[in-house]
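The chain contents come next:
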Amino acid sequence: MSIWPACTPAAGCGDLMPRAGKPRADAPPLPPDAVRLAEAAEVVGVGAERLRQLAREGRFEIRRGQVSLTAAIGGVIAALRERAKRDTKTASLSRAQDARAELLAARTQRRRELMVARGDADQAIQELGRRAVAALRRVPVERVAEPLRAPVLAEVHEAERAINSAVRKARAALANGDFSEVTPQ
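All of the points below concern the structure found in this document. The model shown is predicted, which means the values in this text are computed figures rather than measured ones.

Calculation criteria
Residues numbered from 1 in each chain as written. Predicted model: local features only at pLDDT ≥ 70, side-chain atom pairs only at ≥ 80, totals over all residues. Heavy atoms only, no water. Helix = DSSP H or I, 4+ residues; strand = E, 2+ residues; numbered from the N terminus. Buried < 20%, exposed > 50% of the residue type's maximum accessible area, 1.4 Å probe, protein only. Pairing = 2+ DSSP bridges. Expected span 1.5 Å × (residues − 1). Axes fitted to C-alpha atoms, helices over the stretch in contact; angles between N-to-C directions. Parallel < 35°, antiparallel > 145°, perpendicular 65-115°, else oblique. Contact = heavy atoms within 4.5 Å. Nonpolar A, V, L, I, M, F, W, Y, C, P; charged D, E, K, R; others polar. Arc of directions from axis to C-beta. Salt bridge = Lys/Arg side-chain N within 4 Å of Asp/Glu carboxyl O.

**Description of unusual backbone geometry**
Then step 1. The residue R64 is not glycine, and still its phi comes out positive at about 50°.
Then step 2. With respect to the secondary-structure elements, R64 resides in the loop between β2 (62-63) and β3 (66-68).
Then step 3. The class for R64 is partly exposed, based on a relative accessible area of 38%.

**Quick word on the sheet that holds β3**
Then step 1. Across the sheet, which stays open at both edges, the three strands sit in the order β1-β3-β2 with antiparallel pairing between neighbours. The open sheet has two edge strands, β1 (34-36) and β2, and neither has a second partner.

**So, helix α5 (residues 146-176)**
Then step 1. Taking 1.5 Å as the rise per residue, α5 with 31 residues should run 45 Å; its terminal C-alpha atoms sit 46 Å apart, in good agreement.
Then step 2. The complete set of buried residues in α5 reads V156, E160, V167, A170, A173 and L174.
Then step 3. Positive backbone phi, at 80°, marks G177, one or two positions downstream of α5.

**What to know about the packing of helix α1 (residues 37-44) against helix α2 (residues 48-56)**
Between two packed helices, what matters for the description is the angle formed by their axes and the separation of those axes.
Then step 1. Packing of α1 against α2 brings their axes to within 8 Å, and their N-to-C directions diverge by 100°. By the criterion of interaxial angle, the relationship of α1 to α2 is roughly perpendicular. Contact with α1, carried on its side by L37, A40 and A41, involves A48, L51 and R52 of α2 and no other residues of that element.
Then step 2. Of the residues that constitute the contact of α1 with α2, the class distribution is five nonpolar, no polar and one charged.

**Things to note about the packing of α2 against helix α3 (residues 69-86)**
Then step 1. It is the contact of α2 with α3, at a shortest axis distance of 10 Å, that shows an interaxial angle of 80°. It follows that α2 is roughly perpendicular to α3 by the angle criterion. The segment α2 lies against α3, with R50, L51 and L54 engaging A72, G75, V76 and A79.
Then step 2. Of the residues in the contact of α2 with α3, the class split is five nonpolar, one polar and one charged.

**Remarks on α1**
Then step 1. By the burial criterion, the buried members of α1 are L37, A40, A41, V43 and V44. Taken down its axis, α1 places every buried residue within 165° of arc, on the same side.
Then step 2. One or two steps after α1, the chain reaches G45, where phi turns positive at roughly 90°.

**Comments concerning the pattern of salt bridges**
Then step 1. Applying the stated criterion across every chain, the model contains 10 salt bridges.
Then step 2. Of the charged contacts, one joins R56 and E49 as a salt bridge, the two residues approaching to 3.3 Å between their closest N and O atoms.
Then step 3. For E49, a relative accessible area of 46% corresponds to the partly exposed category.
Then step 4. E57 serves as the salt-bridge partner of R59, at 3.0 Å between the closest nitrogen and oxygen.
Then step 5. Relative accessible area serves as the criterion here: at 43%, E57 is assigned to the partly exposed category.
Then step 6. Because the salt bridges share partners, they merge into one network encompassing E49, R52 and R56.

These figures come from the coordinates and say nothing about function on their own.
And the structure:
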């Protein structure tokens, strides 16, 4: 079930509808395996409209244009199994639907493994950045001759900013899959 009111701007309750842009402070967080609806449709092998229909049936929830991949796949699998039970026209149709449901379950497992790897990579990027900055802060600047101390400190601060910027770019690339900003030249 959705947390949003069941109304439209045409129904005269547009001020109750969520606005695009930043999520509300009281909005529940997205699940860790949240992906865009179009991406979930591609992974599952159905159209985005079919996913919306399954969400309206209450099989999973779409929030801010994103859906839990695990929930979407589970909803599609459940719908396929229900349809297989309802449509007992042929045994071959039932076997085909069961095979498709098993394939989706296998895809879900592979996707979970990939997401775990992404989480591990994200943690590794953060830790590497933290250690690099910590090493910079251990530079014995106080031992540098007075006339050179200010330029050395400025260089250390600039290196720290560059490391933090690189960590942000790497984490963003990992999250959205666009590695063009972090690919070595």
